[in-house]
Amino acid sequence: MEVNEKIAVDHGLKPDEYKKICDLLKRVPNLTELGIFSAMWNEHCSYKSSRLHLKKLNTKGKKVIQGPGENAGVIDIGDDDAIVFKIESHNHPSFIEPYQGAATGVGGIMRDVFTMGARPIANLNSIHFGSTQHKKTKNLLRGVVKGIGGYGNCIGVPTIAGQTCFDQSYNGNILVNAMTLGLVNKNKIFYSKAAGINKPVIYVGSKTGRDGIHGASMASAIFDDKIEEKKPTVQVGDPFTEKLLLEACLELMSDKSIIAIQDMGAAGLTSSSIEMASKGNLGIELHLDKVPCREEKMTPYEIMLSESQERMLIVLENGKEDSAKKIFDKWNLDFAVIGKTTNTKNIELYFEKEKVANVPIKFLANEAPMYDRPWKKTKLPQKIKFSNSDFKKLKFSDVIKKMISNPNVCSKQWIWEQYDHTVMGDTIQKPGGDAGVVRVHGTKKAVASSVDSSASYCYAHPFTGGKQVVCEAWRNLVSVGAEPIAITNCLNFGNPEKKENMGEFVECIDGINEASKYLNFPVVSGNVSFYNETKDKGIKPTPTIGGVGLIKDYKNLMSMSFKSKGNLVLVIGKTEGNLDQSIFANVILDEKKGPPPEINLFNEKNNGETVLKLIKEKLPLSVHDVSLGGIMIGALKMCIAGNMGIKFYKFKNLTNIYQYFFSEDQGRYIIEVEKNNLKKVESILKKNSVHFDLLGETTDKEIIINNEPTFTVDKVTEFYKGWLYKYMS
Amino acid sequence: MNSSVIIFPGSNCDRDMDVALKKFGFKNKMVWHNDDELPKSDLIVLPGGFSYGDYLRCGSIAGKSKIIQSVIDFANSGGLVLGICNGFQILTETGLLKGVLQQNKNIEFICKNIFVKVNNSENKFFENIDKDVLELHIAHNEGNYFCTEDELKSLEDNNQIAAYYCSSDGKVDDKSNPNGAIKNIAGIFNEKKNILGMMPHPERMIDQSLSGEDGSIFFENLLKNLK
């Protein structure tokens, strides 16, 4: 087939991009070459709209071993141990085919982690669905949860935490972000940079089929009515093969035969081979007849663009082929020498003895387009003036019931009970806590991790929202007693060619960056997902932040469950009573405007560090950060977790009980302390200039507000845990 | 005491079982599914996981794997065999244990703590155990035990039911049945009671920091009974 501009446009390239390709090559590319360009130059692989802004991110820190640019980021957790982690989106495939889309999202992120030599030790996920009233939501939720579980459970890696949101902006475009943490010896990390010429290039794992061809291009396209037709571009996952691949790769990595290794993710063999060669400033020669195929008569074009799962590309030391092959034979996996590194700096493909493609690698990698897209600043919305009449018609106990059983607040136990969260025998904080925590096997250390997003805040004011998500991740780690170390981000946005969406992206990044710098909480890995829009309607800007922290002695793990009755409950940090953009304003008052809660980074850092100090002194019995739903929801969750009650003292300062209990002012924590420790706690808080209020005291079962027993913990638990089960039954 | 844990491709609780056995004093060896013979052992364990991907029927391919004949010979000569979760499924596939494990009644994977009432008479696994209601952990998609009426009768007549799902105070009722298993059966023995298959994972409950510690009671007692 003769290539022309129309074919190029069908491949997702813009006419001027096609022209640039022809100019660079000084000729018209053939179809295989065009396919390769379209894969490498599309948004998903080239980050052409985001690169300029991603460069600004704070990526350095004392504990950062590897920042963005590799398969995953790596941080130092002491004693030669390092944690490899990353989050990645699989949004479009999951909307088209929820089970396989979500499953292969989990498979892909785990491969990114074990490619670096790390054994995966924990999975997390952040999933966003449309309104609970939307006709597709239930099936999508069921499918995604089954897919995530189906893959992670089979591999035997615990899913320790996650986040689920419902909002109508995701009606036509759900989000599935999967995150994995792996453990590696910091002296035995593997990278994707090839080195040396005439080194054998090895293909291992599953055979190549026709699934997922153009998956990367599909990820960068806007959805329309014909979306169902895209089903064949969704890859099919095989967790069993991935488990074998994991074990085989780790076995091969125990000696020194690997020079570089890269998983075949988006754009499969194309991007993996080009990335390894590009990073090593080398050429690469591949003989495509040698690629193990599971279907007959596959063309070079199909082989290069297939996104069949569970495959890896390895550059080996010369002479190690036989010993490496033995390992893959043992695990019953394909192993084929398909080419070698060269000094041509070109990618050269052969098929049936003919040269079928020859392109300088720098054209594909360095010369990929980079755009400075126009963007629009979002103005800070005016504060809403709530009037007393807004509150008068409300009944406090009804509000509590409505809030605690709200889909975005209620327990997600229906979801996480379908994930194996205890396999590997090191999960010490299960899902449902502020962060998931796993022990570093065989040591005293434990790693905490959480994943967060706040799309409503980001939509109202992207810069503040961006800061808030980073702070939320920080707080979640602090709440389990972990020292926050670093983050990974998954940036889910609409169409970057629209200046409003591009503006949301730019300003969220600026916000993330500011908080990340201030908190010394660098970004070490991440992924961008644009074009999350259907029929012209974009999603709310949804940067998802995965945080990782360290607990030096796992015996000091902190949890949110109230421990015993008669203890004092304190709110750390100041309550101002802002209701704008709170769940309360949204759900109870139906007020969706206004600015998100302000972020004061000084207080954020100071309050968090002081809470860690208290935990170190073993003063709090339980800790929980205040987030969605404010103090009331925070305190009730602590009651539910501990199966206890609370008596709220009469609140001071603020005039309105709703503002006091439901404001989502930032930088706050609720802690439980024994009465006779109050003095000690008070003196530490005062010394560090941290504001606190006495909220109440723990009771046996009753939840007492204004001296009136309002609910029992059993009743509140029923509201909290019941909603999702009912919805899904 | 010597134990061996068999690793099938797709096993994923093999390490957890190894850790647990060693913690309570077993000298444990890991055995690859393609090996010809078993090391000298007092206890063989088939661990949890997804052997061979469990794509056909859970445990069916593992039930025909190379090492399995040695396990059958070992069991038939009276050796102690323990199958947990996928291991239980494999044991039913080999015919060493009766019945089958169907998909959970709610067609969902379930991962949570449950209680089981254990049978502590005439068997090396639970005899002399301190508690007869243990809090253990399940994590499975196919744990819904089923057998024919005749088989059930002979299991009951022979005292072969090893564990029932129950409430925290030992009541065996529908409410405490997590997966729809017939008669709340969580585990069974063979006739001679030297083979135990059960869905709950004691190896995930061996430490105060984990979901609980009743798994420790199980392993400590087992070791004592073997000495």
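Predicted model only: the values in this text are computed from it and were never measured.

Caption draft 1: Spatial organisation of the overall build of chain A. Broken down by element type, chain A carries 26 helices and 28 strands. Taken against the 2.2 N^0.38 rule, which gives 27 Å for 729 residues, the C-alpha radius of gyration of chain A at 26 Å falls within 12% of a compact globule. Along the three orthogonal principal directions, the C-alpha set of chain A runs to about 85 × 50 × 45 Å. With 729 residues in all, chain A has 61% of them scored as buried. Partitioning the contacts of chain A with sequence separation of at least 6, the portion at a separation of at least 24 is 85%.

Caption draft 2: Examining the overall build of chain B more closely. Tallying secondary structure elements over chain B gives five helices and 11 strands in all. Radius of gyration (C-alpha) of chain B: 16 Å, near the 17 Å computed for a compact globule of 227 residues. For chain B, the C-alpha atoms occupy an extent of roughly 45 × 35 × 35 Å along the three principal directions. The buried share of chain B, reckoned over its 227 residues, is 56%. Across chain B, every contact between residues at least 6 apart in sequence was considered, and the portion connecting residues at least 24 apart equals 74%.

Caption draft 3: Focus on helix 1 (residues 14-23) of chain B. All names here are of chain B. Taken as a whole, helix 1 has its buried residues at D14, D16, M17, D18, A20 and L21. Against the buried residues of helix 1 lie strand 1 (2-7), strand 2 (27-32), strand 3 (43-46) and helix 5 (214-226). Looking one or two residues beyond helix 1, the residue adopting positive phi is G25, at roughly 105 degrees.

Caption draft 4: Region of the structure containing the interface of chain A and chain B. Of the residues lining the interface, 21 residues belong to chain A; the matching set on chain B comes to 23 residues. Sorting elements by how many residues they give to the side of chain A that touches chain B places helix 8 (residues 137-155) of chain A first, with four residues. A breakdown of the residues in the side of chain A that touches chain B according to their chemical character gives 10 nonpolar, eight polar and three charged.

Caption draft 5: Structural view of the packing of helix 23 (residues 630-642) of chain A against helix 26 (residues 713-728) of chain A. Residue and element names in this part refer to chain A. At a minimum axis separation of 9 Å, helix 23 and helix 26 run at an interaxial angle of 105 degrees. Relative to helix 26, helix 23 is oriented roughly perpendicular. Residue-level contacts link L636, C639 and I640 of helix 23 to V713, V716, T717 and Y720 of helix 26. A class-by-class count of the residues in the contact of helix 23 with helix 26 yields six nonpolar, one polar and no charged.

Caption draft 6: Quick peek at the nonpolar core. If you look at the biggest cluster of nonpolar residues, it comprises 298 residues, and the most contacted ones within it are V447, V470 and C639 of chain A together with V116 of chain B. Beyond its immediate stretch of four places on either side in the chain, V447 of chain A contacts I77, I83, L181, V437, V438, V440, V548 and L550 of chain A.

Caption draft 7: Structural detail: the packing of helix 19 (residues 462-479) of chain A against helix 22 (residues 601-616) of chain A. All names here are of chain A. Their axes nearest at 10 Å, the elements helix 19 and helix 22 cross at an angle of 10 degrees. Of the possible angle classes, the one that applies to helix 19 and helix 22 is roughly parallel. Touching C471, W474, R475 and V478 of helix 19 are E604, G608, V611 and L612, all from helix 22. Considered class by class, the residues forming the contact of helix 19 with helix 22 number five nonpolar, one polar and two charged.

Caption draft 8: The arrangement of helix 26 of chain A in detail. Taking 1.5 Å of rise per residue, 16 residues should cover 22 Å, and helix 26 of chain A covers 24 Å from first to last C-alpha, within 8% of that figure. At its buried positions, helix 26 of chain A is contacted by helix 16 (396-404), helix 17 (413-416), helix 23, strand 24 (645-648), strand 27 (702-705) and strand 28 (708-712) of chain A.

Caption draft 9: Main features of the pairing of strand 3 of chain B. Residue and element names in this part refer to chain B. Residues of strand 3 alternate between two faces, with L43 and V45 on one and I44 and L46 on the opposite face, all of them buried. Two strands pair when backbone bridges link them, and strand 1 and strand 3 are joined in this way by three bridges, in the parallel orientation. Note that in strand 3 the partner of V5 across the bridge is V45. Inspection of the sheet shows strand 3 paired to strand 4 (residues 80-84) by four bridges, in the parallel sense.

Caption draft 10: Structural context of the sheet that holds strand 6 (residues 175-185) of chain A. Residues and elements named next belong to chain A. Overall, mixed pairing links the six strands, which are arranged 1-2-3-6-4-5 in an open sheet. The open sheet has two edge strands with one neighbour each: strand 1 (64-66) and strand 5 (159-166). Pairwise comparison of adjacent strand axes, ignoring direction, gives a mean angle of 20 degrees for this sheet. In terms of strand pairing, strand 4 (residues 119-129) meets strand 5 through seven bridges, oriented parallel. Pairing of H128 across the sheet is with C165, part of strand 5. Set on the sheet, helix 8 makes contact with strand 4, strand 5 and strand 6; between it and strand 4 the angle comes to about 175 degrees.

Caption draft 11: Local environment of the sheet that holds strand 25 (residues 669-673) of chain A. Residue and element names in this part refer to chain A. The strand order across the open sheet built from seven strands is 23-25-22-26-24-27-28, with neighbouring strands paired in mixed fashion. Every interior strand has two partners, whereas the edge strands, strand 23 (620-625) and strand 28, have only one. When the angles between neighbouring strand axes are averaged without regard to direction, this sheet yields 30 degrees. Sheet topology places strand 24 next to strand 27; two bridges connect them, and they run parallel. Paired with K647 across the strands is I704, a residue of strand 27. Running at roughly 130 degrees to strand 23, helix 23 makes contact with strand 22 (568-572), strand 23, strand 24, strand 25, strand 26 (692-699) and strand 27 of the sheet. Contacting strand 24, strand 27 and strand 28, helix 26 crosses the sheet at an angle of about 50 degrees to strand 28.

Caption draft 12: Spotlight on the pairing of strand 25 of chain A. Residue and element names in this part refer to chain A. Most of strand 25 is tucked away, with four of its five residues classed as buried. With five bridges connecting them, strand 22 and strand 25 associate as antiparallel partners. Directly across from L568, in strand 25, lies its bridge partner V673. Sheet topology places strand 23 next to strand 25; five bridges connect them, and they run antiparallel. Residue pairing for strand 25: S622 is matched across the bridge by E672.

Caption draft 13: Geometry of the environment of L245 of chain A. Here L245 of chain A lies in helix 10 (residues 239-253). For the pair formed by L245 of chain A and E497 of chain A, sequence separation is 252 residues and the distance between their alpha carbons is 39 Å.

Caption draft 14: Quick peek at unusual backbone geometry. Not every positive phi belongs to a glycine, and E310 of chain A is a case in point at roughly 60 degrees. With respect to the helices, strands and loops of the structure, E310 of chain A is situated in the loop between helix 12 (300-305) and strand 10 (311-316). Judged by the 26 C-beta atoms lying within 10 Å of it, E310 of chain A is buried. If you check the backbone angles, N159 of chain B has positive phi at about 60 degrees while not being a glycine. Assignment of secondary structure puts N159 of chain B in the loop between helix 4 (149-157) and strand 9 (161-166). Look at N159 of chain B and you get partly exposed, because 14 C-beta atoms sit within 10 Å.

Caption draft 15: Expanded view of the environment of K401 of chain A. All names here are of chain A. With respect to the helices and strands, K401 occurs in helix 16. The class for K401 is partly exposed, based on 18 C-beta atoms found within 10 Å. In sequence terms K401 and A82 are 319 residues apart; their C-alpha atoms lie 44 Å from each other.

The rules we used
- Residues numbered from 1 in each chain as written.
- Chains lettered and ligands numbered in written order.
- Predicted model: local features only at pLDDT ≥ 70, side-chain atom pairs only at ≥ 80, totals over all residues.
- Helix = DSSP H or I, 4+ residues; strand = E, 2+ residues; numbered from the N terminus.
- Rg over C-alpha atoms; globule rule 2.2 N^0.38 Å.
- Buried ≥ 20, exposed ≤ 12 C-beta atoms within 10 Å, placed from the backbone.
- Contact = placed C-beta atoms within 7 Å.
- Nonpolar A, V, L, I, M, F, W, Y, C, P; charged D, E, K, R; others polar.
- Axes fitted to C-alpha atoms, helices over the stretch in contact; angles between N-to-C directions.
- Parallel < 35°, antiparallel > 145°, perpendicular 65-115°, else oblique.
- Core = buried A, V, L, I, M, F, W, Y, C linked by C-beta atoms within 7 Å.
- Expected span 1.5 Å × (residues − 1).
- Pairing = 2+ DSSP bridges.

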